[in-house]
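In case you want the letters, here they are:
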Number of protein chains: 2
Amino acid sequence: MSPPAAVENQSQPSEVLDMASSVSGPLTLDGVKARRAKMKMPAGVAPVCSSDMYKSPACFTKPKAKRWDHIISSESKARQASTLKTAAQYLGNPGLISLGGGLPSPETFPFDNLTLKIPTPPHFTEQETSESGKVLTAGKYDIRNGKSEYDLEVCLNYGQSTGSAQLVRFVTEHTEIVHNPLYSDWQCCLTAGSTSSWEMTLRLFCERGDYIITEEYSFSTAVETALPMGVRAAAVKMDEQGLLPDALDEVLSNWDEAARGARKPFLLYTVPSGQNPTGATQGTERRKAIYKVAQKHDLYIVEDEPYYFLQMQPYKGANTPPDSPPASYDDFLKSLIPSFLSIDVDGRVLRLESFSKVISPGSRVGWIVAAEQIVERYIRHSECSTQNPSGMSQIMLYKLLDEGWGHEGYLDWLINLRMQYTNRRNTMLDACEKYLPTNVASWNPPAAGMFHWIRVDWKQHPAVLEGKTHAEIEEAIFKSAVNEGVLVSRGSWFVADKAVPETDMFFRATFAAAPGDKINEAIKRFGIALKSQFKLE
Amino acid sequence: MSPPAAVENQSQPSEVLDMASSVSGPLTLDGVKARRAKMKMPAGVAPVCSSDMYKSPACFTKPKAKRWDHIISSESKARQASTLKTAAQYLGNPGLISLGGGLPSPETFPFDNLTLKIPTPPHFTEQETSESGKVLTAGKYDIRNGKSEYDLEVCLNYGQSTGSAQLVRFVTEHTEIVHNPLYSDWQCCLTAGSTSSWEMTLRLFCERGDYIITEEYSFSTAVETALPMGVRAAAVKMDEQGLLPDALDEVLSNWDEAARGARKPFLLYTVPSGQNPTGATQGTERRKAIYKVAQKHDLYIVEDEPYYFLQMQPYKGANTPPDSPPASYDDFLKSLIPSFLSIDVDGRVLRLESFSKVISPGSRVGWIVAAEQIVERYIRHSECSTQNPSGMSQIMLYKLLDEGWGHEGYLDWLINLRMQYTNRRNTMLDACEKYLPTNVASWNPPAAGMFHWIRVDWKQHPAVLEGKTHAEIEEAIFKSAVNEGVLVSRGSWFVADKAVPETDMFFRATFAAAPGDKINEAIKRFGIALKSQFKLE
């Protein structure tokens, strides 16, 4: 059981405000170095930190977020600041010896150093990394020896629930560079991965008996996280761009509290880019329209965005090579569809960020971005649950992203991933055009993510005449595919509200995992299964 | 947001049972190699595993745990197995290509290798490690290249909520070697640290409105975790050996449901060794007596044991050198007070294990041990929250504990820690005898842990005559100590049930963090503060 971490150093808000008057404009790639030179990394083990230390002064000139007190859950409202942390205020006293905290001494951490071999941008292939990769070392006392801003002494001890200052700095800068929020008091807080932060978000807002709004097909684990808390999903229809604003408006406008036995939903869970399972990506206008409906009904938006940087080059038909990669960082950033966070004027968006799809799921480190009042409640919960994300993960991410690559190198990596995923997606679509019977199978080319969503016109299935149900036919096709040697996911697994009968039938295929030749072979097998099921050959 | 991990391989229960007939006796240090030779490490990314694969056959001949269905919470009962994991059954099909899961390809993990420099037992000092430490390397494809049983390809991807097979094997073997549970169906499951596992344990068992039993002084974060869930603490009196069995019996026997507005408590939270904050350690007979009361009242026991291996050599008075370290592993293991887990015949104990105090808090990896039915519910919750402990932490722990040290080297490390903490504790006690005014300050030498608990006879404080309260005098002493340059923790911070007025007054001082000379100086300052407060000089 971990004691709360000690505080050795605290940022001075006055310093932040002083800087606000001296510089203007949002943080840019070029601006990071100048900005960093003005803000020292807090010293010691588990120093308090916040995004305010790393945001550009321009942020502080914007209006504040609205207040969301009316949708904070009773559980979250009851959270008090940790008793033990009240002692932290004295730790800055010069010469004070602390016998207060329960932090072990770094002598008792049995690691002298850690090294990591990482790719040197833009040479990102495994072979290039093996041949020309850079080796970074983290020693135990690199900070006090002036060798690095982060070290094993700090990362191996307890940390703050915000995450380490070193990584909070990086994700804050990244957030401003990519999203540049429109209100002033946004904050980043590291998480133990988005599965954890979604669970904590539900507990932050929802009471037993509540409904949340989800897409009609949704990430099933997200819904399964809510159900045991007594929180149900009210599903909204989708098209090829995902959630339909009019359908959202309709559900909320016609909400019948008595019939539903629940208050009107106030929380939307959405995956705007490369949605799981449908692969749908909401375009810019779609996002604006959804945001407008959210404002109309005072709906708070949780955008779960693991696939944001898996936005791909446009698909231009079978066997057509992809467009060349974005020519500059600026072009790349402009090519990205604006996030809800970036169009949020009210502070009504909580963004779940993840390294799982772009660096490594095994890190179990992500972050959230939201209004300070929400992030503060999140931190209070973390202190009594995840405590802090793994320090071992944090130093590996810091060495890679900050010391190894910097923001530019990370964008190079993301551009490289974009092209890799484009190629993978194209391989799958080419195979679909080649092997799938288009009289029963249809699809839209996914613009982002890992998933291809194939609609099957099940009404044409011969067993319909025998009175077989949707579920039976879906199972028959699924099993036939397995027999042919390919595993795909059944669309019904992702139905958010099981009380609503499915009219269409879908199968989800991922192009993220298997190599290109296997993707081709797998789709070929799925085609054979479909043809045999539908008696097409 | 993380998809559930795929299953590439599953243990065969029949294999486990076959082995049960061929070997007898619990797993010993010598038996680990023979046992390992018989059980192959499951292959692939995120393979399913369980402790049953790694327990000795002798375990399976024991009686099963009782059933605890009657104390599982409604939230936990509502948890279903993950929909997406139902597809995992097909992954073993030969030649099958999976387009099912959402796992990224290992090519997209930007790490070629990781190295760690660790101490070579028994040369554990930082200087020895720097000079003669061993360097261990983890490559991306070490498993398929036959170089290791664990690698970056596996640890950097999603994993099972049980934790990786590699680390589950180690902690299962360690658990059997140290505790050898008396019932058959115990299981280990890795956690994201004990702060997280305690929160999940509360949600597994408790409903809003419940009381849990705690020690009268308790780890304040543990109580603060429960309160927002609507779960309150019913505190039980302690002496120098911690929780008093008779007082426990009395609280439970006289529980008045109407007066309390709550059903009779069924869950005890206790820190049996080196309790935080009191430093008290329950002796063997004390534990047996508590267990007996638990059986009488059908109380389920959560033993939070981060300090178990910080049991120290006996304190024999000021300036007396400690006894020499245990002469053998066997002597060391026998020197440890039996855990509740090791005397548990009913399966009524959930043990929270931690690496935080013995390896590194930053790992955010611990494990639980409990009856399979409880661990299964815990895993269902993990799948919708922490997902899996950091894979980066897991490979660092695996390299250190399993590949680097093995069980023997880990015990060497723990013996070394025992001596280090003994020296630290002795330094503090020597200083207390030298500097504290014994007419107002008194203490018992702690036998385990990080904490020294100093009783102050506050009734002698001059301000009592002026009508000052307990709280005011405690604050005055605390602030006087801060002014003298030492931070200690106030006993009142740890009062579990704030409705019960404190009669005694305590201050907690840790000997874990500061170096020896600072400990001496800090206690000297505390002595000055006490003398000045009590007008003793």
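The structure displayed is predicted, hence computed values, not measured ones.

1. Section: the pattern of salt bridges
Then comes step 1: Summed over the entire model, instances satisfying the criterion amount to 65 salt bridges over all chains.
Then comes step 2: Of the charged contacts, one joins A:Arg36 and A:Asp402 as a salt bridge, the two residues approaching to 2.7 Å between their closest N and O atoms. Within this pair, whereas A:Arg36 is found in helix α2 (residues 31–38), its partner A:Asp402 is found in helix α15 (residues 391–435), the two being separated by 366 residues in sequence.
Then comes step 3: With a closest N to O distance of 2.9 Å, B:Glu153 and B:Arg144 form a salt bridge.
Then comes step 4: Residue class for B:Glu153 comes out buried when judged on its relative accessible area of 14%.
Then comes step 5: Taking the relative accessible area as the measure of exposure, B:Arg144 reaches 58% and is therefore exposed.
Then comes step 6: What emerges from the salt-bridge pattern is a single network uniting A:Arg36, A:Glu149, A:Arg169, A:Glu173 and A:Asp402.

2. As for the relation of the copies chain B and chain A
Then comes step 1: If you rotate chain B by 180° and push it 0.0 Å along the axis, it lands on chain A with an RMSD of 0.0 Å. What the superposition gives is, in effect, a two-fold axis relating one chain to the other. In terms of C-alpha distance to the rotation axis, chain B has B:Thr115 as its closest residue, with the C-alpha 2.5 Å off the axis.
Then comes step 2: When you check the interface residues of chain B against chain A, 99% turn up at the interface there too, and the contact is symmetric in its surfaces.

3. Focus: the interface of chain B and chain A
Then comes step 1: In this complex, chain B contributes 123 residues to the contact, which on the side of chain A involves 122 residues.
Then comes step 2: A buried area of about 10000 Å², summed over both sides, lies between chain B and chain A, and 61% of it is on carbon and sulfur atoms.
Then comes step 3: With its nearest N and O atoms 2.7 Å apart, the salt bridge here joins B:Glu126 to A:Lys140.
Then comes step 4: At the boundary of chain B with chain A, the tally comes to 43 residue pairs in polar contact (both at pLDDT 80 or more).

4. Considerations on helix α16 (residues 470–484) of chain A
Residue and element names in this part refer to chain A.
Then comes step 1: Over its 15 residues, α16 extends 21 Å from the first C-alpha to the last, a length consistent with the 21 Å expected when each residue adds 1.5 Å.
Then comes step 2: Those residues of α16 not exposed but buried are His470, Ile473, Glu474, Ile477, Phe478, Ser480, Ala481 and Val482.
Then comes step 3: On its buried side, α16 packs onto β14 (451–456), β15 (486–487), β16 (489–490), β17 (506–510) and α17 (516–533).
Then comes step 4: Once α16 finishes, Gly485 follows within two positions and takes phi at roughly 100°, a positive value.

5. What to know about the side chain of A:Thr175
Residue and element names in this part refer to chain A.
Then comes step 1: When you line up the elements, Thr175 lands in helix α6 (residues 165–178).
Then comes step 2: Note on Thr175: relative accessible area 0%, which makes it buried.
Then comes step 3: Sequence-distant contacts of Thr175, that is, excluding residues within four places in its chain, are made with Asn180, Pro181, Trp186, Cys188, Leu341, Trp367 and Val369.

6. Details of the sheet that holds strand β13 (residues 441–442) of chain B
All names here are of chain B.
Then comes step 1: An order of β13-β14-β17-β16 is seen for the four strands of this open sheet, with the pairing classed as antiparallel. Each of the sheet's edge strands pairs with one partner strand only, and the pair in question is β13 and β16 (489–490).
Then comes step 2: Bridging between β16 and strand β17 (residues 506–510) involves two bridges; their strand directions are antiparallel. Within β17, the residue paired with Arg490 across the bridge is Phe507.
Then comes step 3: Together, β14 (451–456) and β17 form the strand contacts of helix α15 (residues 391–435), whose direction differs from that of β14 by roughly 20°.

7. Some points on the packing of α16(A) against α17(A)
Residue and element names in this part refer to chain A.
Then comes step 1: Interaxial distance between α16 and α17 falls to 8 Å at its minimum, and their mutual angle equals 135°. Classified by the angle between their axes, α16 and α17 sit oblique to one another. Where α16 crosses over α17, the two elements pack in a sense that is right-handed. Contact residues: α16 offers Ala476, Ile477, Ser480, Ala481 and Glu484, while α17 offers Arg525, Phe526, Ile528, Ala529, Leu530, Ser532 and Gln533.
Then comes step 2: Class assignment of the residues belonging to the contact of α16 with α17 gives a composition of seven nonpolar, three polar and two charged.

8. Structural notes on the packing of aromatic side chains
Then comes step 1: For the structure shown, the criterion picks out 40 aromatic pairs over all chains.
Then comes step 2: Ring geometry for A:Trp453 versus A:Phe506: centroids 4.6 Å apart, planes at 10°, classification stacked. Of this pair, A:Trp453 sits in strand β14 while A:Phe506 is found in strand β17, placing the two residues 53 residues apart along the sequence.
Then comes step 3: Judged by its relative accessible area of 10%, A:Trp453 falls in the buried class.
Then comes step 4: You can call A:Phe506 buried: its relative accessible area is 7%.
Then comes step 5: For the ring pair A:Phe478 and B:Tyr90, a centre distance of 5.3 Å and an interplane angle of 75° mean the geometry is edge-to-face. On the criterion of chain membership, the pair formed by A:Phe478 in helix α16 and B:Tyr90 in the loop between α3 (74–77) and β1 (97–98) is interchain, its members lying in two chains.
Then comes step 6: For B:Tyr90, a relative accessible area of 16% puts it in the buried group.
Then comes step 7: Taken together, the ring pairs connect A:Tyr217, A:Trp453, A:Phe494 and A:Phe506 into an aromatic cluster.
Then comes step 8: Above the plane of the ring of A:Trp186 lies A:Lys55, whose end atom (NZ or CZ) is 4.7 Å from the centre.

Cut-offs applied
- As a convention, each chain's residues are numbered from 1 in the sequence order in which they are written.
- For naming, the first written chain is A and the first written ligand is 1, with later ones following in the order written.
- Residue-level local features of this predicted model are given only where pLDDT is at least 70; pairs of side-chain atoms are given and counted only at 80 or more, and the full residue set underlies all totals for whole chains, interfaces and linings.
- Water and hydrogen atoms play no part in the side-chain values, which are based on all heavy atoms of the structure.
- Definition used for salt bridges: Asp or Glu carboxyl oxygen within 4 Å of a side-chain nitrogen of Lys or Arg.
- Helix numbering and strand numbering both begin at the N terminus, where a helix is a DSSP run of H or I of at least 4 residues and a strand a DSSP run of E of at least 2.
- When a residue's accessible area, from a 1.4 Å probe over protein chains only, is under 20% of the maximum for its type it is buried; when over 50% it is exposed; and in between it is partly exposed.
- Alignment of the copies relies on least squares applied to C-alpha atoms, considering only residues that score at least 70 for pLDDT in both.
- We call two residues in contact whenever any of their non-hydrogen atoms come within 4.5 Å of each other.
- Buried area: the sum, over both parts, of the accessible surface (1.4 Å probe) that disappears when the two are put together.
- Polar contact is the term for a pair of N or O atoms within 3.5 Å; when the atoms are in protein, one must be able to donate a hydrogen and the other to accept it, and sequence-neighboring residues count only if both atoms are side-chain atoms.
- In this scheme, a helix's expected span is set at 1.5 Å multiplied by one less than its residue total.
- Between any two strands, at least two bridges found by DSSP are needed for them to pair.
- Here, axes are lines fitted to C-alpha atoms. For helices the fit covers the stretch in contact, and angles between N-to-C directions go from 0 to 180 degrees.
- When an angle is under 35 degrees it counts as roughly parallel; over 145 it counts as roughly antiparallel; between 65 and 115 it counts as roughly perpendicular; any other value is oblique.
- Rotating anticlockwise by less than a right angle from the far helix to the near helix defines a left-handed crossing, while the corresponding clockwise rotation defines a right-handed one.
- Nonpolar residues are Ala, Val, Leu, Ile, Met, Phe, Trp, Tyr, Cys and Pro. Charged residues are Asp, Glu, Lys and Arg, and all others, Gly as well, are polar.
- Pairing of aromatic side chains here covers Phe, Tyr and the six-membered ring of Trp, requires ring centres within 6.5 Å, and sorts the geometry by plane angle: under 30 degrees stacked, over 60 edge-to-face, intermediate tilted.
- Any Lys NZ or Arg CZ found within 6 Å of a ring centre and within 35 degrees of that ring's normal is scored as a charge over the ring.

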